[in-house]
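Per-entry structural report
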Amino acid sequence: MQIHIVKSPELAAEAAATLIAAAILENPDLVLGLPTGSSPLGAYRALIRMHREGLLDFSKVATYNLDEYVGLDGTHEQSYRRFMDENLFEHVNIPRENTHVPSGVGPDPERNARDYEAAILSAGGIDLQFMGIGRNGHIGFNEPSDSFADKTAVIALSPSTVEANKRFFASADDVPKTAVSMGVGTILRARRALLLATGRDKAEAIRGMVNGPVTPMLPASALRFHPNCVAILDEAAASLL
Ligand code: GLP
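Figured I'd write up the structure that's included with this text. In every chain, residue numbers begin from 1 and rise along the written sequence. This being a predicted model, a pLDDT of at least 70 is required before a residue's local features are given, and a value of 80 or more before pairs of side-chain atoms are given or counted; all residues contribute to the totals for chains, interfaces and linings. Computation of side-chain values covers all heavy atoms of the structure but excludes hydrogens and water.

A look at the sheet that holds strand β2 (residues 31-34)
In a beta sheet, neighbouring strands are held together by backbone hydrogen bonds and run either parallel or antiparallel to one another. At least two DSSP bridges between two strands are needed for those strands to be called paired. Counting from the N terminus, the helices are the DSSP runs of H or I reaching at least four residues and the strands are the DSSP runs of E reaching at least two. Ordered by their spatial adjacency, seven strands build an open sheet running β1-β10-β9-β6-β2-β3-β5, and the pairing between neighbours is parallel. Strand pairing shows two members of the sheet lacking a second neighbour, β1 (2-6) and β5 (99-100), which therefore form its edges. Bridge count between β2 and strand β6 (residues 128-131): two bridges; the pairing is parallel. Paired with Gly33 across the two strands is Gln129, which belongs to β6. Residues count as neighbours in contact if any of their non-hydrogen atoms are within 4.5 Å of one another. To define axes, lines are fitted to C-alpha atoms, for helices over the stretch in contact only, and angles between the resulting N-to-C directions are given on a 0 to 180 degree scale. Helix α7 (residues 203-211) contacts β1, β9 (192-197) and β10 (229-234) of the sheet and is inclined by roughly 145° relative to β9.

Next up, the structure:
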């Protein structure tokens, strides 16, 4: 794993956006895996700026998001589909049909998960997977557990994740308790991986990811087995390394 430490969250966002922009310039048909959460917002703003300046063309890019809450359709204000529309897709020239977010609705979420994994495969796999990290070391919604999930699956959220995400909902009771998420295997099969973490509240997870054992109890530690993974950290997130 290549680790880059920069002074501020703003610089970390610029660095992540620069890597993504370079990948799109190299390969206009890039298959790009994307995260939600607060971590990627600065990078999304930078990508939008580069698009507006005429530097970046998203017309052939295809995107696959890491995860979606079960039970929220794409119009729900906390759905990850809506998050992506509002924070990136509506501001760049990506055709809507090229943007993919797992479906959290319908009678059979397990089937949605299988279909999503198949769609990634038929797109030729992910070229570059961008992601954040949860405070407990989760990636996508792969929570600490006894084993690494290989493929996209329905995953139960841990109490600490429900707690961390309740800030976006009226109360913890309103936070969905399950999600459809790419598996750790799905993420590791991406040809390149890019993790962005900023802030002191990620420092423990980053220490575990970089220096602890590779264990499903800290899912991001699996990235140490990825042959082409870059972690961009600000000084606060790197403060326990
Ligand atoms: C969520 C998402 C993850 C994200 C994590 C951290 O639960 N499923 O993909 O990395 O939380 O979020 P944030 O960037 O807001 O700290």
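Topic: helix α4 (residues 109-122)
Under the convention used throughout, the expected extent of a helix is 1.5 Å for every residue step, that is, one less than its residue count. Between its terminal C-alpha atoms α4 stretches 20 Å, which fits the 20 Å expected from 14 residues at 1.5 Å a residue. Structurally, α4 contributes buried residues whose contacts are with β3 (62-65), β5, β7 (153-156), β8 (178-181) and α6 (184-189). Note on α4: the residue one or two positions beyond its end, Gly124, has a positive phi of about 95°.

Describing the packing of aromatic side chains
The criterion for an aromatic pair is that two Phe, Tyr or Trp rings (for Trp, the six-membered ring) have centres within 6.5 Å, with stacked assigned to planes under 30 degrees apart, edge-to-face to planes over 60 apart and tilted to the rest. One pass over the structure, following the stated rule, counts six aromatic pairs. Aromatic pair Tyr44 and Phe130: ring centres 6.1 Å apart, planes at 85°, arrangement edge-to-face. Residue Tyr44 is found in helix α2 (residues 41-52), and its partner Phe130 is found in strand β6; the two are separated by 86 residues along the sequence. Assigned by exposure class, Tyr44 and Phe130 land together as buried. Each ring, one from Tyr69 and one from Phe141, has its centre 5.5 Å from the other, and the planes form 45°; the classification is tilted. Taken together, the positions of Tyr69 in strand β4 (residues 67-69) and Phe141 in the loop between β6 and β7 put the pair 72 residues apart, joining distant regions of the chain. Summarising the burial analysis for this pair, Tyr69 and Phe141 share the class buried. Within the aromatic cluster, the residues linked to one another by ring pairs are Tyr69, Tyr80, Phe141 and Phe169. Buried residues are those whose accessible area, probed at 1.4 Å on protein chains only, stays under 20% of the maximum for their type, while exposed residues exceed 50% and partly exposed ones sit between those limits.

What to know about the pattern of salt bridges
Here, a salt bridge means any Lys or Arg side-chain nitrogen found within 4 Å of an Asp or Glu carboxyl oxygen. Tallied over the entire structure, the rule returns 13 salt bridges. In this structure, the salt-bridge partner of Glu14 is Arg49, at a minimum N-O distance of 2.9 Å. Separated by 35 residues along the polypeptide, Glu14 in helix α1 (residues 9-26) and Arg49 in helix α2 bring together distant segments of the chain. What makes Glu14 partly exposed here is its relative accessible area of 30%.

What to know about the side chain of Asp67
Structurally, Asp67 is set in strand β4. Just so you know, the count uses Lys and Arg for positive and Asp and Glu for negative, and it drops His and the chain ends. Put simply, Asp67 is tucked away with no salt bridge, and the nearest opposite charge, on Arg81, sits 12 Å away. Two N or O atoms count as a polar contact when they lie within 3.5 Å, although within protein this holds only if one can serve as hydrogen donor and the other as acceptor, and sequence-adjacent residues are included solely when both atoms are side-chain atoms. A distance of 3.4 Å separates the side chain of Asp67 from the backbone nitrogen of Phe141, its partner in a polar contact. Ignoring any residue separated from it by four or fewer positions in sequence, one finds Asp67 in contact with Thr36, Tyr80, Val101, Pro102, Gly140, Phe141, Val180 and Ser181.

Considering the pairing of β3
Within a regular strand, side chains alternate between the sheet's two faces. The two faces of β3 match: Ala62 and Tyr64 on one face and Thr63 and Asn65 on the other face are all buried. In this sheet, β3 lies alongside β2 in parallel orientation, the contact comprising four bridges. Its bridge partner being in β3, Val31 is matched across the sheet by Ala62. Between β2 and its parallel partner β3, the chain crosses via α2, and the hand of that crossover is right-handed. Where β3 meets β5, two bridges bridge the pair, whose relative direction is parallel. Within β5, the residue paired with Thr63 across the bridge is Thr99. A crossover counts as right-handed when, viewed with the strands pointing away from the observer, the path leading from the first strand over the helix to the second turns clockwise.

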